[in-house]
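Tertiary structure, described
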Amino acid sequence: MEKVRFSAGDVTLTGNLFLPEAAGPVPGIVVAGTWTSVKEQMADRYAERLADRGFAALSFDFTGYGESEGKPRDHEVPERKVHDIHHAVTFLANHPAVDAHRLGALGVCAAAMYMSGNAAADPRIRSLALVAPWLHDREICHQVYGGADGVTDKLAEATRARARFEATGEVEYVPVVSDSDPRAAMPFDIDFYLNPDRGGLPQWPNRFAVMAWEGWLGYDSISLAPRITQPVLLVHSEDAAIPDGARRFHAGLAGPKELIWTDGDQFTFYDQEPQVTTAATAAAAHFTHTLTTNRS
């Protein structure tokens, strides 16, 4: 693994590039994880597994997260994350160890939305793998966040927080995960995020910018599916997050597609066995099959 830095417009992003032992150029995969996450929480794990299987894999921190530049910090902006992925693909395509004509992307949880957003407009991505994908639209957001009234309340909070930021430069934060704060983005006792031996790492400050609710709730990833013609693999479970979103997204895809239904809750796919090995092995097989031809 080597630490790398690359430009994403007016900021510099920091990533970890995992290279296989095989001589290059080899296929390259961009990897990203859940909303609010830093690369060390789950993206590094999947990138390393892919490198072990012969791929060059890049995990990185999005703008305003982890080791990357950008302000405001810890502000979830779907469109900006798609923009960052596009620049990560550019970096990977230009790396001497990577075959620029054999590029793929792997998204865990919310990064499934962002990888799909980039793939829908970026023909350089030839193959897509989505692990425990969080894929939502307006209907699903209503189901998850307390109906139309719940969504309206969060949007009102976002509007107030946005006005405060524009007037003062101050960002209003709530915890991403909390078992005691009802305003948390995920007001639950989630061991993965709260356990320092799992995802509760020092690099992750566990904070969510309240003004981000507007962009998050307004992002329609289900509508992207008909625009994606690349081969797509989804690995999911009935006990993982919003399985209906995965089914609807899969049904709408325009190109070759495969849906692997396995076991485990959402958080086991981040760092537990056998879910990580199941997903990483399936993704590697998918990329091997779909990126075998060096096409110009």
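This one's a predicted model, so the numbers in the text were calculated from it and none came from an experiment.

Regarding the overall build of the chain
In terms of helices and strands, the chain carries ten helices and ten strands. Each principal axis of the C-alpha atoms in the chain carries an extent, and together these give about 50 × 35 × 35 Å. For the chain, long-range pairs separated by at least 24 residues make up 72% of all intrachain contacts whose partners lie at least 6 apart in sequence. Surface exposure of the chain reaches about 11,800 Å², of which carbon and sulfur atoms provide 50%.

Regarding the side chain of Glu76
Inspection of the secondary structure puts Glu76 in the loop between strand 4 (56–60) and helix 2 (78–93). Here Glu76 falls in the buried class, since its relative accessible area comes to 1%. Within the structure, the side chain of Glu76 is placed 2.9 Å from the backbone nitrogen of Thr36, a separation counted as a polar contact. A distance of 2.6 Å separates a polar atom in the side chain of Glu76 from a polar atom in the side chain of Tyr114. Apart from residues lying up to four places away in sequence, Glu76 is in contact with Trp35, Thr36, Tyr65, Lys81, Tyr114, Phe208, Ala212 and Trp216.

Examining unusual backbone geometry
With an omega dihedral of -5 degrees, the bond running from Lys71 to Pro72 counts as a cis peptide bond. Structurally, the position occupied by Pro72 is in the loop between strand 4 and helix 2. Going from Glu273 to Pro274, the amide bond is cis rather than trans, its omega being 10 degrees. Within the secondary structure, Pro274 is located in the loop between helix 9 (268–271) and helix 10 (275–290). The phi torsion at Asn206 lies on the positive side, around 55 degrees, for a residue other than glycine. Tracing the sequence through the fold places Asn206 in the loop between helix 6 (191–194) and strand 8 (208–209).

Some remarks on the packing of helix 2 against helix 3 (residues 111–119)
In contact at an axis separation of 9 Å, helix 2 and helix 3 are set at 65 degrees when each is read in the N-to-C sense. For the pair helix 2 and helix 3, the crossing hand works out as right-handed. Only Tyr114, Met115, Gly117 and Asn118 of helix 3 make contact with helix 2, whose side of the interface consists of Pro78, Lys81, Val82, Ile85, His86 and Val89. Here the residues of the contact of helix 2 with helix 3 sort into six nonpolar, three polar and one charged.

Remarks on the pattern of salt bridges
It is possible for side chains of opposite charge to pair when their charged atoms get near one another. For the structure on display, the rule yields 17 salt bridges. Of the charged contacts, one joins Arg124 and Asp122 as a salt bridge, the two residues approaching to 2.9 Å between their closest N and O atoms. On the accessibility criterion, Arg124 (24% relative accessible area) is partly exposed. For Asp122, a relative accessible area of 2% gives the class buried.

Things to note about the side chain of Gln275
In this structure, Gln275 sits in helix 10. On the basis of relative accessible area, Gln275 is assigned to the buried category, the value being 11%.

Scoring rules and cut-offs
- Residues numbered from 1 in each chain as written.
- Predicted model: local features only at pLDDT ≥ 70, side-chain atom pairs only at ≥ 80, totals over all residues.
- Heavy atoms only, no water.
- Helix = DSSP H or I, 4+ residues; strand = E, 2+ residues; numbered from the N terminus.
- Contact = heavy atoms within 4.5 Å.
- Areas by Shrake-Rupley, 256 points an atom, 1.4 Å probe, with all protein chains shown as cover.
- Buried < 20%, exposed > 50% of the residue type's maximum accessible area, 1.4 Å probe, protein only.
- Polar contact = N/O pair within 3.5 Å; in protein donor to acceptor, adjacent residues only side chain to side chain.
- Axes fitted to C-alpha atoms, helices over the stretch in contact; angles between N-to-C directions.
- Left-handed = near helix turned anticlockwise from the far one by under 90°.
- Nonpolar A, V, L, I, M, F, W, Y, C, P; charged D, E, K, R; others polar.
- Salt bridge = Lys/Arg side-chain N within 4 Å of Asp/Glu carboxyl O.

What is shown is where atoms sit, not what they do.
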